[in-house]
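Spelled out, the chains give:
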Amino acid sequence: MANRITQGMMNIQLLRNLNNNLGRLEKLQDQMSTGRRINKPSDDPVGISFSMRYRTELSVNSQYQRNVDSAVSWLDYTDTMLDQAGQVLHRVREIAIQAANGTNSEQSLDAFKSELEQLYEQMVNIGNSQFNGKYVFNGQRTDVKPFPDPSDAMNADTDSESIQFEIGLGVRIAVNKTADEVFGTSSDADNVFRVLQNLIQALDPYNQDGIQQAIADLDSRTDKLLEARADIGAKTNRIELAESRLKDIDLNLQALQSKTEDADLAEVIIRLKMDENVYQASLSAGAKLIRPSLLDFLR
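Residues numbered from 1 in each chain as written. Predicted model: local features only at pLDDT ≥ 70, side-chain atom pairs only at ≥ 80, totals over all residues. Heavy atoms only, no water.

*Asks:* Which residues make up the overall build of the protein, and what values do they have?
*Replies:* Along the backbone of the protein there are 8 helices and 4 strands. Scanning the protein from its N terminus toward the C terminus, one meets helices and strands in the order α-α-α-β-β-β-β-α-α-α-α-α. Buried positions account for 37% of the 299 residues belonging to the protein. Taking the intrachain contacts of the protein between residues at least 6 apart in sequence as the baseline, contacts between residues at least 24 apart amount to 70%. On the protein, roughly 17300 Å² of surface is accessible, and the fraction owed to carbon and sulfur atoms is 51%. (Helix = DSSP H or I, 4+ residues; strand = E, 2+ residues; numbered from the N terminus. Buried < 20%, exposed > 50% of the residue type's maximum accessible area, 1.4 Å probe, protein only. Contact = heavy atoms within 4.5 Å. Areas by Shrake-Rupley, 256 points an atom, 1.4 Å probe, with all protein chains shown as cover.)

Set out below in structure tokens:
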């Protein structure tokens, strides 16, 4: 038996097709205006899952890059402070060498002593250095001054824990140098504050053996300071390599995200023009389809 097609059925089908055509036009116009192929999950359920994964990885990678920037800044500042400490030790050694020759006048020894006292204060200031409001040489206790009593700096109770930054998945690196590593522990003979105080005391009264011992201790501490700077340099190089790798990963993830989310504008324009023509044709055909009325059949 043949199915009976009514005018109402034809009108409903026409409207359904017009709505479908409009839906395709709306989707293409959204892609044109946003430049994105996926604007809501229903556009591509599989693609949106990849897109969310890439977005998450980009976010994590961005955090690693911020950690790298912070780590490099901390290391650079620490290296600057170690350089200043090295300059102080160099000047102290020069004074000690001059004082050790035994031909200095009382006035010269007093001048040496006065300058050494100033250098001692400068070394304490270096030990209490702050970066972004944090004490750099007091381990994880960055809110506590490591050398609160300058007169007894050699016996200061400082923290020896490391500050670590995560610069990659499961990759952590210590960026700080503790006061014990840089200035020496309270029991070290070459504790920089003990050496300076011993040298000052060796000038009044004059004690050449004490000065010679201070020179040897200065050399020992200077070697350890150079080792600390070498370690800082090695870590900086490693972090810079990690930074380059993170930038490459970021570019790759952005490319993958773009391939998943972004629309091919040339293709979208072609499809949009085609669907516009289809829509106009369907409107024209619909106008002819719904034109007949009861009066037209009674003629």
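*Asks:* Would you mind going over the confidence of the model for the protein in detail, with residue names and values included?
*Replies:* Predicted confidence across the protein gives a mean pLDDT of 86, with 89% of residues reaching 70 or more. The weakest mean pLDDT in the protein belongs to helix H8 (residues 294-298) at 53; the strongest belongs to strand E2 (residues 134-135) at 96. (pLDDT = per-residue confidence, 0-100.)

*Asks:* Tell me about the packing of aromatic side chains, residues and numbers included.
*Replies:* In this structure the tally under the stated criterion is 8 aromatic pairs. Geometrically, the ring pair formed by Phe-147 and Phe-183 is edge-to-face, given 5.5 Å between the ring centres and 90 degrees between the ring planes. Of the two residues, Phe-147 sits in the loop between E2 and strand E3 (164-168) while Phe-183 sits in helix H4 (residues 179-183), which places them 36 residues apart along the sequence. Grouping aromatic residues by their ring pairs yields a cluster made of Tyr-120, Phe-137, Phe-147, Phe-183 and Phe-193. (Phe/Tyr/Trp six-rings, centres within 6.5 Å; stacked < 30°, edge-to-face > 60°.)

*Asks:* Tell me about the pairing of strand E4 (residues 171-174), and please be specific about residues and values.
*Replies:* Where E3 lies against E4, 4 bridges are found, and the strand directions are antiparallel. Note on E4: the bridge partner recorded for Gly-168 is Val-171. Hairpin geometry of E3 and E4 is characterised by an intervening segment of 2 residues between the two adjacent antiparallel strands and by a positive phi of about 75 degrees at Gly-170. (Pairing = 2+ DSSP bridges.)

*Asks:* Lay out the pattern of salt bridges in plain terms, naming residues and giving numbers.
*Replies:* Counting across every chain of the model gives 12 salt bridges. A salt bridge links Arg-229 to Asp-83; the shortest N-O distance between them is 3.1 Å. Of this pair, Arg-229 sits in helix H6 (residues 208-261) while Asp-83 sits in helix H2 (residues 45-99), and the two are 146 residues apart along the sequence. In this structure, the salt-bridge partner of Lys-224 is Asp-190, at a minimum N-O distance of 2.9 Å. Of this pair, Lys-224 sits in helix H6 while Asp-190 sits in the loop between H4 and helix H5 (192-202); the two residues are 34 residues apart in sequence, bridging distant segments of the chain. Three or more residues joined by partner-sharing salt bridges are found here, namely Asp-188, Asp-190, Arg-221 and Lys-224. (Salt bridge = Lys/Arg side-chain N within 4 Å of Asp/Glu carboxyl O.)

*Asks:* I'd like to hear about a nonpolar patch on the surface, residue by residue, with values.
*Replies:* Residues Met-32, Leu-265 and Ile-269 make up a contiguous nonpolar surface patch of roughly 240 Å² in combined accessible area. Here Leu-265 shows up in helix H7 (residues 265-289). Judged by its relative accessible area of 41%, Leu-265 falls in the partly exposed class. (Patch = residues over 30% accessible without salt bridge, like charges linked within 9 Å, V, L, I, M, F, W, Y side chains within 5 Å.)

*Asks:* Residues and numbers for the side chain of Thr-260, please.
*Replies:* Relative to the helices and strands, Thr-260 resides in helix H6. When sequence neighbours within four positions are dropped, the list of residues in contact with Thr-260 reads Arg-37, Ile-38, Gly-47, Phe-50, Ser-51 and Tyr-54.

*Asks:* Summarise the packing of H2 against H6; cite the residues concerned and give the values.
*Replies:* At a minimum axis distance of 7 Å, the contact between H2 and H6 shows a crossing angle of 160 degrees. In terms of axis orientation, H2 runs roughly antiparallel to H6. The element H2 and its partner H6 pack so that their crossing is left-handed. Across the contact of H2 with H6, the residue classes tally to 26 nonpolar, 12 polar and 15 charged. (Axes fitted to C-alpha atoms, helices over the stretch in contact; angles between N-to-C directions. Parallel < 35°, antiparallel > 145°, perpendicular 65-115°, else oblique. Left-handed = near helix turned anticlockwise from the far one by under 90°. Nonpolar A, V, L, I, M, F, W, Y, C, P; charged D, E, K, R; others polar.)

*Asks:* Please set out the packing of H5 against H6 residue by residue, giving values where relevant.
*Replies:* Across the interface, H5 lies against H6 with an axial gap of 9 Å and an inter-helix angle of 160 degrees. Overall, the two elements H5 and H6 adopt an arrangement that is roughly antiparallel. Note that H5 runs across H6; the crossing there is left-handed. Residues Val-192, Val-195, Leu-199 and Ala-202 of H5 touch H6, and the partners they reach there are Gly-210, Ile-211, Ala-214, Asp-217, Leu-218 and Arg-221. Residues belonging to the contact of H5 with H6 are distributed by class as follows: 7 nonpolar, 1 polar and 2 charged.

*Asks:* Can you lay out helix H3 (residues 106-127) for me, pointing to particular residues and giving the numbers?
*Replies:* Since there are 3.6 residues in each turn of an α-helix, residues three or four apart along the chain are aligned in direction. Its 22 residues give H3 an end-to-end C-alpha distance of 32 Å, which sits within 8% of 32 Å, the value for a rise of 1.5 Å per residue. Of the positions making up H3, those classed as buried are Leu-109, Phe-112, Leu-116, Leu-119, Tyr-120, Met-123, Val-124, Ile-126 and Gly-127. Summarising the axial view, the buried residues of H3 lie within an arc of 150 degrees, below the 170-degree limit, and thus occupy one face. The exposed set on the far side of H3, more than 90 degrees from its buried face, consists of Gln-107 and Gln-118. In this structure, the buried side of H3 is in contact with H2, H4 and H5. (Expected span 1.5 Å × (residues − 1). Arc of directions from axis to C-beta.)

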